[in-house]
Amino acid sequence: HKLTEKGRTLYGIIDGFVTSHMHINIKKMYKVKCFFTRRRAAENIESLKRICSQSTIDTQDSDCDDDEILSLTLRMRELESEIKASEVEAQLREESLQKQIIIQEQNLQKLQIELTRSKFVKTSNQRELIHATLDTKIDQMNALSSTKRVQESTQTLCNVISSDRLWIEEQMSRRALSRDNIIR
């Protein structure tokens, strides 16, 4: 097909734009695994629509033959279908991202609830440990106090018994002396 210079220039611009912007961006997108945002997709789509519109105007104004017009029309349809495919792909990716965001937010809420519950359990366990430690210290103090009282009571009892024994021995000695005195 013979293209006029204007048609070749237009075809080159359209083809170059699509190749450089759409295909390279799509390849990068798959390699880097980044997602189109609506805004970026919309900007690319608007640029492609402007070029398609410009090519329609240029084609109508030029002295192109039917084959050239048909070729450009087919190319425009291809570009329009690529635009629609890009829009659908961007929308699907955005929906996927939104679902992932919702899932991550739910996971975050679950983790925050679990963290709060863990903090509560930790605080409760610390409180129980403090109470157990205090109970143990009180029991030890009571045991020491009881032991001391028992020792004091034992000592007092020993002193009383010793005093009583001495008194009894003294009484027995006195009676023995009194009896010896009576017998003599």
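Quick caveat, the model's predicted, so the values are computed rather than measured. (Residues numbered from 1 in each chain as written. Predicted model: local features only at pLDDT ≥ 70, side-chain atom pairs only at ≥ 80, totals over all residues. Heavy atoms only, no water.)

Peer 1: How do you make sense of the overall build of the protein when you look at a structure like this?
Peer 2: A count of helices and strands for the protein gives three helices and zero strands. For the protein, the α and β elements follow one another from N to C terminus as α-α-α. With 184 residues in all, the protein has 17% of them scored as buried. When contacts within the protein are restricted to residue pairs at least 6 apart in sequence, long-range pairs at least 24 apart make up 85% of them. Roughly 14900 Å² of accessible area belongs to the protein as shown, and the carbon and sulfur atoms make up 57% of that amount. (Helix = DSSP H or I, 4+ residues; strand = E, 2+ residues; numbered from the N terminus. Buried < 20%, exposed > 50% of the residue type's maximum accessible area, 1.4 Å probe, protein only. Contact = heavy atoms within 4.5 Å. Areas by Shrake-Rupley, 256 points an atom, 1.4 Å probe, with all protein chains shown as cover.)

Peer 1: What exactly am I supposed to notice about the confidence of the model for the protein here?
Peer 2: Detailed reading of the predicted model is not advised wherever pLDDT is low. Here the protein averages 76 in pLDDT, while 64% of its residues score no lower than 70. Ranking the helices and strands of the protein by mean pLDDT puts helix α3 (residues 66–183) first, with 91, and helix α1 (residues 5–32) last, with 45. Low pLDDT, under 50, characterises residues 57–62; the stretch is placed with six contacts to residues that sit more than four places away or in other chains. (pLDDT = per-residue confidence, 0-100.)

Peer 1: Quick question: what am I supposed to make of a nonpolar patch on the surface here?
Peer 2: Judged by side-chain polarity, I130, L134 and I138 come together as a nonpolar surface patch covering roughly 280 Å² of accessible area. Relative to the helices and strands, L134 is located in helix α3. (Patch = residues over 30% accessible without salt bridge, like charges linked within 9 Å, V, L, I, M, F, W, Y side chains within 5 Å. Salt bridge = Lys/Arg side-chain N within 4 Å of Asp/Glu carboxyl O.)

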